[in-house]
Structures are given as C-alpha cells and as structure tokens.
Amino acid sequence: MATSGFLWRASAGSARAFCLVFLSVVVLSGAAASSGARRIAVLAVAERDSTADRVVPLRQTDVRPSFPGGREALTAYVDDYFTNGGDTAGRVTPLAVKVRFIVEKDGSVSGARIVNPVTDSIDNAVLRMLAAMPRWTPGRKAGHAVRTGYGTTIYVPCSREHRLVQPQFVGGQDVLMKYVKAKLKNYEASRYKGNRVKVVARFVVQADGSVSDVEIVKHGRALMDEAVLGVLRGMPKWQPGTVDGKPVKVRYTLPVTFGNK
C-alpha cells in the first residue's frame with residue numbers, strides 16, 4: 001500500500017506539475033500571441049506607410065487619371081502647343097512619340113520619359129510640353145487619390161530643320177492605290193455606284209514598317225468605313241519614315257473614294 005500511496009502521490013504531484021506547466025504555457029502563449037498581434041499591427045502600419053506613395057499601375061486603379069476635358073482636350077492641347085509654341089515653327093509632319101509619366105496625387109505630371117526617342121530636339125520639345133501641362137484629375141484607388149503610371153502617344157509635327165523621309169508603301173503611291181482598289185473588291189462597299197463618297201483614314205507606320213492604329217477621320221457609309229479599315233489593317237509592311245536617317249513612327253493619312261459619279 002505504501003508503495004501504492006507513493007506512486008499515487010507522485011502521480012498527483014506530476015499532475016499538479018503538469019497543470020502548472022500547462023498553465024504557464026497557456027499564459028506565455030497568450031502573451032506571445034498578443035505580442036505577435038502587436039507586431040503584425042505595427043508591420044501593417046509600416047507596410048501602409050511604405051506603400052502610400054508607390055506608383056499604382058493604370059490597370060489597377062478604380063478610377064483612371066484624366067486630362068481636363070478628356071482625351072479630345074488632350075489632343076487639342078498638344079496640337080495647340082506644337083502649333084503656337086516656340087519649339088514648332090514650320091513643323092509639317094506628325095511623328096508618333098510614345099511617352100510615359102506619373103500623374104501625381106495633386107494631378108501634376110512628373111517622371112516623364114520618352115519610350116521611343118526620335119531626336120534630341122524633338123524629345124526635349126515633348127518633355128517641355130509635358131512639363132507645361134495643366135493638372136490632371138488624379139487616379140483613385142479605394143476612394144483615395146494615388147500616384148498613377150500613365151502611357152500615351154503624342155503626335156509631334158516634325159520641323160523642316162530635320163531631314164524627314166516620309167514612309168512609303170513598297171512600290172510607291174501608285175502601287176498603294178492599286179493594292180487598295182484590288183482588296184476593296186472583297187467587300188460589298190466596292191459595288192457602290194452612286195455619287196462619289198470620300199472616306200479618309202489615318203494610321204501609324206511604325207519604325208519597323210508595320211501599320212497600326214488605323215482609324216476613320218472622315219466617315220462615309222458604314223460599309224465603306226468597314227471596308228477601308230479591313231483593307232488598311234491587312235496591309236503588308238511599308239518602308240518606314242526616317243528622321244535624320246533613323247526609322248521613326250509616322251502618322252499617315254489616306255483618302256479612299258467610292259462611286260463614280
């Protein structure tokens with residue numbers, strides 16, 4: 001019995017010891033959890049602070065930044081700047097210059113850079129134009145204004161002081177018109193025989209000669225617009241335009257006439 005009592009007391013003591021150890025672990029674990037929660041909260045605040053001024057990609061914004069008056073107003077601003085600005089006297093042919101910049105929380109533009117450099121004078125003229133822009137409406141995310149990365153293409157008239165060679169359809173203008181006429185036969189609009197209707201299209205000949213950004217700037221009938229877009233989008237590569245011997249993107253305008261009266 002003595003042995004048995006000893007064993008029982010030892011077991012009871014072990015149980016008490018186990019309970020004490022268990023309670024200690026619980027208390028310590030609770031303290032550690034509380035401390036860990038505090039650390040997580042501190043880290044979360046630090047993370048918010050460190051990302052507060054980060055640049056948000058355009059596609060991640062809830063509301064995109066916008067130029068005052070919208071895209072058409074931006075185009076008008078650029079045209080006016082390069083028509084009346086001191087940098088642009090005598091400029092005649094628009095070059096497509098791709099730019100990237102940051103629209104800040106207060107709507108100002110910063111960090112502007114040229115994605116496809118042309119010449120120093122043209123690049124600098126574009127950067128000056130961006131620096132002179134009025135404030136944008138900033139982008140927003142989760143209800144707050146954010147710094148937003150933005151990219152667009154600016155069409156800059158190239159001055160006569162630069163040696164500009166226009167892009168050209170391989171074979172020349174006559175071959176281009178024959179190509180367009182032949183391809184139009186695949187469309188219903190080619191069977192139109194009424195009074196003449198002129199459709200004016202505009203597109204960009206890229207530095208590698210490929211054609212992009214085809215649009216109608218003077219509309220005809222819907223079937224005519226559709227036919228012109230289809231033909232021009234399917235064109236083979238051109239000989240690209242150059243400035244001072246360097247291939248550049250150039251915007252090109254082409255009229256297409258339907259009817260014979």
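Provided above is the structure to which this section pertains.
Residues numbered from 1 in each chain as written. Predicted model: local features only at pLDDT ≥ 70, side-chain atom pairs only at ≥ 80, totals over all residues. Heavy atoms only, no water.

End to end, helix H5 (residues 222-233) covers 17 Å across 12 residues, agreeing with the expected 16 Å (1.5 Å per residue, within 8%). Among all positions in H5, only Met 224, Asp 225, Ala 227, Val 228, Leu 229, Val 231 and Leu 232 are buried. (Helix = DSSP H or I, 4+ residues; strand = E, 2+ residues; numbered from the N terminus. Expected span 1.5 Å × (residues − 1). Buried < 20%, exposed > 50% of the residue type's maximum accessible area, 1.4 Å probe, protein only.)

Turning our attention to the environment of Met 224. Relative to the assigned elements, Met 224 resides in helix H5. Here Met 224 falls in the buried class, since its relative accessible area comes to 2%. As for Met 224 and Val 197, which are separated by 27 residues in sequence, their C-alpha atoms are 8.9 Å apart. Residues within four places of Met 224 in sequence aside, it is in contact with Ala 189, Tyr 192, Val 197, Val 199 and Phe 258. (Contact = heavy atoms within 4.5 Å.)

This paragraph deals with the pattern of salt bridges. Inspection of every chain in the model, using the stated rule, returns five salt bridges. In this structure, the salt-bridge partner of Arg 147 is Glu 104, at a minimum N-O distance of 2.7 Å. Pair noted here: Arg 147 is in strand E5 (residues 144-159) and Glu 104 is in the loop between strand E2 (91-103) and strand E3 (109-114), with a separation of 43 residues, a long-range link. Using a relative accessible area of 15% as the deciding quantity, one classes Glu 104 as buried. Two residues, Asp 208 and Lys 237, come together in a salt bridge whose shortest N-O distance is 3.8 Å. Of the two residues, Asp 208 sits in the loop between strand E7 (197-205) and strand E8 (211-218) while Lys 237 sits in the loop between H5 and strand E9 (241-243), which places them 29 residues apart along the sequence. A relative accessible area of 45% places Asp 208 in the partly exposed class. (Salt bridge = Lys/Arg side-chain N within 4 Å of Asp/Glu carboxyl O.)

If you check the backbone angles, Ala 142 has positive phi at about 55° while not being a glycine. For Ala 142, the position within the fold is in the loop between strand E4 (139-141) and E5. Phi at Asp 213 takes a positive value of approximately 55°, unusual for a residue other than glycine. Tracing the backbone through its elements, the reader meets Asp 213 in strand E8. Judged by relative accessible area, which is 48%, Asp 213 ranks as partly exposed.

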